[in-house]
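A look at the structure
Okay, here's what each chain looks like letter by letter:
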Amino acid sequence: ERDITGFMGRVDYDFDWGTFTSITAYREADAIIDVADVSQELSSLILSSPTAVAGDSNIPGANNTFRDESEQISQEFRLTSAGDGMFDWVGGLYFLREEITRVESFDLGFNLSDGAGGTIQVLPPSTGSSFMENETQGYAVFGQVTWNLSDRLGITVGGRYTDEEKKADTLSVAGGFLILESFDVNAKGSWSEFTPKFAIDFQLNDDIFFYGVATNGFKSGGFQGSPPVERTATDPYNEETAWLYEIGAKTEWLDNRLRLNLALFQTDYEDLQVFQLLVPENAPDGTPGVLTAQNAADAEIAGVEFEFIVAPIEGLMFSGSYTYLDATYKSFEAPEGFRTPGGVDPTLREGTRLRNAPEHAFNLLAVYEW
C-alpha cells in the first residue's frame, strides 16, 4: 500500500534579455509492504500432512515487512538567456532536504518433515528488526553556455557543483538471519563533486544535424537501509561517478516523411554502488552472507541506438528503434572488512553483464488515423 502526495509551484518572469524561473516542490510518501510466504501455523499443518515425505521442507514465519515514510522539499532558482544572440546560457542554484523513516522486520525459520506427522527443526524461528531515520541535505550551483560560432556550429561548456550531507540514526535487533548484530548508532557523511559537460553540434543543412557530447555524472554516497552489521550502519558507501561519451546524427528525408536517428555511446562507471552477498571478516565460518551495499566495481556500457519514423501516406505512421548494449563489470572486489561466502573470488565477476541491461532491445509501432 503506497500513498504519494506532491505539490509544485513555478514562477517565470521575463526580461528583455532572459527569464528568471523559480520552482518550489514538496513531496511526501508513505509505503507499507508486507511480503509473507508461510505462517508458523500453516507450516506445521503442511508438514504434519500424511502425504508429507520425510525430508520435505517448509519455512515457518518467512515474512518481510517494512514501512517507509518520507518528506522532501526542493527549491530551484534559474536564469536563462533569451536565446537570440551569439551566446546562449543558463545558470542556477538548487536546494534539497529530505527526511526518511524506515522500519523493517524479518522473520525466518526452517523445518523438515520427519515423515510421521512431526517436524525436524533445522533453523529455529527468528525475528530481526531495524529502525532507521535518514536525513539528506543537498546544495548545487550549475551553469552552461553555448557559443554559436555560426548559424550552424555551436560549442557548449557547462558544469555543476553538488554538495550533499546525510545523517543516519539506526537501531537494530539481531534476528531473522538477515540482521546479524544488535546495535544503536548515529552516523553522518558528506560528498561533493564538480561534474563538467562539453558538447559540439553542427547543423549541416535543414535536414541533417550532428552532435557530440562528453559529460560527467555523480551519485552521492549513503548509508544502507536495514544494515546487517554495525559496520555497514556507520561506514557509508562512497559516491559513484560516470563519464558519458556520445556522438550521433538526427536526420530527415523525403520532405520530412522519413526520420532516421543514430547514436553511438559509452558510459564509464567508477566505484559503482552495488548490492552483493558478503560476510564480515571476523564472522565465524558458516555465517550466511547478507546483502550489503558497497562500492564494489568499475563498469563500462557501450552501445548503439537506431530509431526511425516514416509516414508513407497521410494518416499512416510506422516507427521503431533498436539498441545494442555491451554492459559489463570491468573490475569487482569485496570491500575492506568483508569476505564472500565460501571464500569465492569476487574478481570472477569481472566481465559479466550488468543487471537490467539487455544485449538487444527493440520496438515497433504502427499507427493509422482517420
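Cut-off values and rules
- Residue positions are counted from 1 within each chain, in the order its sequence is given.
- Given that this is a predicted model, residues contribute local features only at a pLDDT of at least 70 and side-chain atom pairs are listed and counted only at 80 or more, while totals for whole chains, interfaces and linings are drawn from all residues.
- With hydrogens and water stripped out, all remaining heavy atoms of the structure feed into the side-chain values.
- Whether two strands pair depends on DSSP finding at least two bridges between them.
- A run of DSSP states H or I qualifies as a helix once it reaches four residues; a run of E qualifies as a strand once it reaches two. Both are numbered from the N-terminal end.
- Two residues qualify as a contact provided that any one of their heavy atoms is within 4.5 Å of a heavy atom in the partner residue.
- The criterion is simple. A nonpolar core is a set of buried Ala, Val, Leu, Ile, Met, Phe, Trp, Tyr and Cys residues joined through side-chain atoms within 4.5 Å.
- The buried label goes to any residue with under 20% of its type's maximum accessible area, the exposed label to any with over 50%, and the partly exposed label to all in between, with areas taken from a 1.4 Å probe on protein chains only.
- Paired rings are identified among Phe, Tyr and Trp, the last through its six-membered ring, by centres lying within 6.5 Å, and are further divided according to the angle between planes into stacked (under 30 degrees), edge-to-face (over 60) and tilted (the rest).
- Counting as a charge over the ring demands two things of the Lys NZ or Arg CZ atom: a distance within 6 Å of the ring centre and an angle within 35 degrees of the ring normal.
- Polar contacts, as used here, are pairs of N or O atoms within 3.5 Å; protein pairs need one atom able to donate a hydrogen and one able to accept it. Residues neighboring in sequence count only if both atoms are side-chain atoms.
- We define a salt bridge as a side-chain nitrogen of Lys or Arg found within 4 Å of a carboxyl oxygen belonging to Asp or Glu.

This brings us to the pairing of strand E5 (residues 87-113). By the bridge criterion, 2 bridges tie strand E3 (residues 57-58) to E5 in an arrangement that is antiparallel. Among the inter-strand pairings, Ser57 is bridged to a residue of E5, identified as Leu112. Looking at chain direction, strand E4 (residues 63-81) and E5 are connected through 18 bridges and run antiparallel. Looking across to E5, one finds that Phe77 is bridged to Leu93.

Right, let's get into the environment of Ser105. Looking at the element boundaries, Ser105 is found in strand E5. In this structure the C-alpha to C-alpha distance between Ser105 and Thr127, which are 22 residues apart in sequence, comes to 7.0 Å. If near-sequence neighbours (up to four positions away) are discounted, Ser105 is found in contact with Asn63, Asn64, Thr65, Gly128 and Ser129.

To continue, consider the nonpolar core. Residues Leu272, Val274, Ile301, Tyr329, Phe332 and Leu354 are the most contacted members of the largest nonpolar core, which totals 13 residues. Elements with a contribution of two residues or more to this core: strand E11 (258-280), strand E12 (290-310) and strand E13 (316-332). Setting aside residues no more than four positions away along its own chain, Phe332 makes contact with Val274, Gln276, Ala296, Ala297, Pro346, Thr347, Arg349 and Glu350.

Right, let's talk about unusual backbone geometry for a bit. The residue Leu254 is not glycine, and still its phi comes out positive at about 55 degrees. Its location among the elements puts Leu254 in the loop between strand E10 (240-253) and E11. Located in the positive-phi region is Asn356, a residue other than glycine, with phi close to 55 degrees. By the secondary structure assignment, Asn356 is in the loop between strand E14 (338-339) and strand E15 (360-368).

The next thing to look at is the packing of aromatic side chains. One pass over the full model with this rule turns up 12 aromatic pairs. For the pair Phe20 and Phe77, a centre-to-centre distance of 6.1 Å together with 15 degrees between the ring planes defines the contact as stacked. A residue pair is termed long-range when its members are at least 10 positions apart, and Phe20 in strand E2 (residues 18-36) and Phe77 in strand E4 qualify at 57 residues. Under the relative-accessibility criterion, Phe20 is labelled partly exposed at 29%. Among the aromatic residues, those joined into a ring-pair cluster are Tyr13, Phe15, Trp17 and Trp89. The ring of Phe66 has Arg102 lying over it, and the distance from NZ or CZ to the ring centre is 4.3 Å.

Let us look at the side chain of Thr292. For Thr292, the position within the fold is in strand E12. A distance of 3.1 Å separates the side chain of Thr292 from the backbone oxygen of Val290, its partner in a polar contact. Those residues in contact with Thr292 that lie beyond four places of it in its chain are Gln224, Pro228, Thr232, Val274, Phe275, Gln276, Leu278 and Phe338.

This part takes up the pattern of salt bridges. Applying the stated criterion across every chain yields a total of 11 salt bridges. With a closest N to O distance of 2.7 Å, Glu76 and Arg78 form a salt bridge. No difference in accessibility class separates Glu76 from Arg78, as the two residues are buried. Note that Glu135 is salt-bridged to Arg97, the shortest N-O span being 3.3 Å. In this pair, Glu135 is assigned in strand E6 (residues 119-148) and Arg97 in strand E5, connecting sequence segments 38 residues apart. Put simply, Asp30, Arg67 and Glu69 are held in one network by salt bridges that share partners.

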